[in-house]
Amino acid sequence: RVRDEAGEANAACLRTSAQSHAAPPPGLAPRSATVVAFNLGFLPTRARSDEAPPTTDAETTVEALASWALGSVKPGGHVSVAIYPGHPAGAREAVALRAFAERLPSSAWRATSHAPVNHEPS
């Protein structure tokens, strides 16, 4: 879907990876990406109806950011993390990621937080 929306001209420079964020996508070189984006929350899997769906995890997300994501972007690039704090695991992840972002050196990173204002958090 992302490739379709990017358009033909932009699709050539777009690389998507539907995998765990614990490790970088294959072939991603240091300082090579303009944007690294994480879309956190519920993992796409088929859980039994009596089980809570699996979610991303605060510890592995922070580790992924520290170990490879920040080092993958070019100077002036961006790391975008979409967090969904409306469920318990997402709320824990939001707290951990905010603490991580607050510790980033301001000389190298600008960390911002954006939240919807016209609907309940999800």
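As a starting point, this report considers the structure included with it. This structure is a prediction, so every number in the text was calculated from the model and none was measured.

## With respect to the overall build of the chain
When helices and strands are counted, the chain shows four helices and two strands. Along the chain direction, N to C, the helices and strands of the chain fall in the order α-α-β-α-β-α. Sequence separation of at least 24 residues holds for 66% of the intrachain contacts in the chain that already meet a minimum separation of 6. Only carbon and sulfur atoms are counted for the fraction: they give 54% of the accessible area of the chain, which is about 8,900 Å².

## Some points on the nonpolar core
By size, the foremost hydrophobic cluster in this structure holds 13 residues, and its most contacted members are V36, F38, L65, W68, A69, L97 and F100. Those elements that provide at least two residues to this core are β1 (33–39), α3 (58–72) and α4 (88–103). Here this core gets six residues from one element, more than from any other, and that element is α3. Discounting residues that sit within four places of it in the chain, F38 has contacts with H21, T61, A64, L65, W68, A69, S80, V81 and A82.

## Examining α4
Relative to the 22 Å expected for 16 residues at 1.5 Å per residue, α4 spans 23 Å between its end C-alpha atoms, a close match to the ideal helical length. Among all positions of α4, only A89, G90, E93, L97 and F100 are buried. Seen from one end, α4 has its buried residues packed into an arc of 85°, which puts them on one side. Exposed and facing more than 90 degrees away from the buried side of α4 are P88, R92, V95, E102 and R103. Buried positions along α4 lie against α3 and β2 (73–82).

## Description of the side chain of E93
Looking at the secondary structure, you find E93 in helix α4. From its side chain, E93 meets the backbone nitrogen of D57 in a polar contact 3.5 Å long. Setting aside residues up to four positions removed in sequence, E93 forms contacts with L40, G41, T56, D57, A58 and T61.

## Some remarks on the packing of α3 against α4
Helix-helix packing: each pair is described by the crossing angle between the helix axes and the interaxial distance. The N-to-C vectors of α3 and α4 enclose an angle of 35°; their axes lie 8 Å apart at closest approach. Crossing of α3 over α4 shows right-handed handedness. The residues of α4 that touch α3, namely those facing A58, T61, V62, L65, A66 and L70, are R92, E93, A96, L97 and F100.

## Section: α3
The terminal C-alpha atoms of α3 lie 20 Å apart, and with 15 residues this matches the ideal 21 Å at 1.5 Å per residue to within 8%. Of all the bends in α3, the greatest, near 45°, is centred on L65. Elements in contact with the buried residues of α3: β1, β2 and α4.

## Focus on the environment of A37
Mapped onto the secondary structure, A37 falls in strand β1. Distance in space between the C-alpha atoms of A37 and A82 is 7.9 Å, their sequence separation being 45 residues.

Basis of the calculations
- Residues numbered from 1 in each chain as written.
- Predicted model: local features only at pLDDT ≥ 70, side-chain atom pairs only at ≥ 80, totals over all residues.
- Heavy atoms only, no water.
- Helix = DSSP H or I, 4+ residues; strand = E, 2+ residues; numbered from the N terminus.
- Contact = heavy atoms within 4.5 Å.
- Areas by Shrake-Rupley, 256 points an atom, 1.4 Å probe, with all protein chains shown as cover.
- Core = buried A, V, L, I, M, F, W, Y, C linked by side-chain atoms within 4.5 Å.
- Buried < 20%, exposed > 50% of the residue type's maximum accessible area, 1.4 Å probe, protein only.
- Expected span 1.5 Å × (residues − 1).
- Arc of directions from axis to C-beta.
- Polar contact = N/O pair within 3.5 Å; in protein donor to acceptor, adjacent residues only side chain to side chain.
- Axes fitted to C-alpha atoms, helices over the stretch in contact; angles between N-to-C directions.
- Left-handed = near helix turned anticlockwise from the far one by under 90°.
- Bend = angle between axes of the 7 residues up to and from the residue.

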